[in-house]
Every structure is written in structure tokens, then in C-alpha cells.
Amino acid sequence: MTHLRVSEAARFLGVSDDTVRRLLDSGQLAAGKDAAGRITVDGTELAAYIRGLANTPTDPAHVASSARNRFVGLVTAVTADRVMAQVELQCGPFRVVSLMSSEAVRDLGLEPGSIATAVIKSTNVIIETKGQP
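Cut-offs and rules
Residues numbered from 1 in each chain as written. Predicted model: local features only at pLDDT ≥ 70, side-chain atom pairs only at ≥ 80, totals over all residues. Heavy atoms only, no water. Pairing = 2+ DSSP bridges. Helix = DSSP H or I, 4+ residues; strand = E, 2+ residues; numbered from the N terminus. Axes fitted to C-alpha atoms, helices over the stretch in contact; angles between N-to-C directions. Contact = heavy atoms within 4.5 Å. Salt bridge = Lys/Arg side-chain N within 4 Å of Asp/Glu carboxyl O. Buried < 20%, exposed > 50% of the residue type's maximum accessible area, 1.4 Å probe, protein only. Arc of directions from axis to C-beta. Phe/Tyr/Trp six-rings, centres within 6.5 Å; stacked < 30°, edge-to-face > 60°. Lys NZ or Arg CZ within 6 Å of the ring centre and 35° of its normal. Parallel < 35°, antiparallel > 145°, perpendicular 65-115°, else oblique. Left-handed = near helix turned anticlockwise from the far one by under 90°. Nonpolar A, V, L, I, M, F, W, Y, C, P; charged D, E, K, R; others polar.

Draft legend 1. Inspection of the sheet that holds strand β3 (residues 39-42) at higher detail. A sheet is described by the order of its strands in space; here three strands give the open sequence β1-β3-β2, paired in antiparallel fashion. Each edge of the open sheet carries a strand with a single partner, namely β1 (3-5) and β2 (31-33). Taking the axes of each pair of neighbouring strands and ignoring which way they run, one obtains an average angle of 50° across the sheet. Both β1 and β3 contribute to a ladder of three bridges, which runs antiparallel. Across the sheet, H3 pairs through a bridge with D42, a residue of β3. Running over the sheet, helix α1 (residues 6-13) touches β1 and β3 and is turned about 90° from β1. Helix α3 (residues 43-53) contacts β1 and β3 of the sheet and is inclined by roughly 60° relative to β3.

Next comes the structure, spelled out in C-alpha cells:
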């Protein structure tokens, strides 16, 4: 079981250490202690709390899809030449970059400020963790 220090939990929540302490004091998160006596937050509990906070914008495509990795965002930049283009979306706190044909950019009407959905094929997602000692 993973236990996170208050500062680590704060980083994942995008809040201050004091906010995490208030969540612990109010019972919204349960506090633990590590071997050094420092306050910790259970990783599983923090994951459940974060998932409960998730507020996904409505997908403007309104399509039925088997894809589960769909991120609605705002196009922030389009760099295109005659053949290829790079499109950047800001999906919540995450920047998603896609390479596609310039023709696709024109057909989709992609430009800074437009709303789009990034669909990520899960077989191409790489998961990394900190190395084990």
C-alpha cells in the first residue's frame, strides 16, 4: 500500500499543503503516520478522492465509442505546413499534442480556441513508475 506525504498529496490535488491538512482535519481524508512519525495519506484513498473530484466536460462529438481514453479540451495551437500539422490541446491540466495531416486540420476546423476531443488508443499508452530499490 502506498502512503504519500502531505506535500505529495497536495501536488496531486493541485492544492497547498495546508489544504490537505484541512482535508485530514475534517475527516475527508484519513491521516496515517510513516516510520519517521510524519503525517501521510493513503494512496488508494487519495485516488478515490481525486476520482470523485473529476469534472469532465461534455464531449462535443456525442458519438458512441469503445474508446475510454477521451479527453475534451481547448485547442491552444496549430502549426501546419502544406502536408502535416501539429495540434495542441489543453485538456484540464494536461497538454495533449497530436500530429495529423493539414487536410484533417482543415476538415475538422481546428484552430486555437476551438473545442476538440483527444482519443488515445490504450495500446499505445506507456505507464512509468519510480524504480524499485
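Draft legend 2. Structural view of the pattern of salt bridges. Scanning all chains against the criterion turns up three salt bridges. Note that R21 and D18 form a salt bridge whose closest N and O atoms lie 3.2 Å from each other. A residue pair is termed a helical-turn pair when its members lie 3 or 4 positions apart in one helix, as R21 and D18 do in helix α2 (residues 17-25) at three residues. Judged by relative accessible area, which is 35%, R21 ranks as partly exposed. For D18, a relative accessible area of 45% gives the class partly exposed. In this structure, R38 and D34 form a salt bridge, with 2.8 Å as the shortest nitrogen-oxygen distance. Accessibility expressed as a relative area gives 39% for R38, which makes it partly exposed.

Draft legend 3. Local environment of α2. All buried positions along α2 are accounted for by V20, L23 and L24. When α2 is viewed along its axis, its buried side chains cluster within an angular range of 100° and face the same direction. Counted as exposed and oriented over 90 degrees from the buried face of α2: R22 and D25. Against the buried residues of α2 lie α1, β2, β3 and α3. Looking at the residues trailing α2, positive phi occurs at G27, about 85°.

Draft legend 4. Representation of the packing of aromatic side chains within the structure. All told, the structure shown has zero aromatic pairs when counted by the stated rule. It is R11 that lies over the ring of F12; its NZ or CZ is 6.0 Å from the centre.

Draft legend 5. Layout of the packing of α1 against α3. At their nearest, the axes of α1 and α3 sit 11 Å apart, and the two run at 25° to each other. One element, α1, and the other, α3, form an angle in the roughly parallel class. When you trace α1 past α3, the crossing you get is right-handed. Of α3, the residues touching α1 (which contributes A9, F12 and L13) are L46, Y49, I50 and L53. Of the residues contributing to the contact of α1 with α3, the split by class is seven nonpolar, no polar and no charged.

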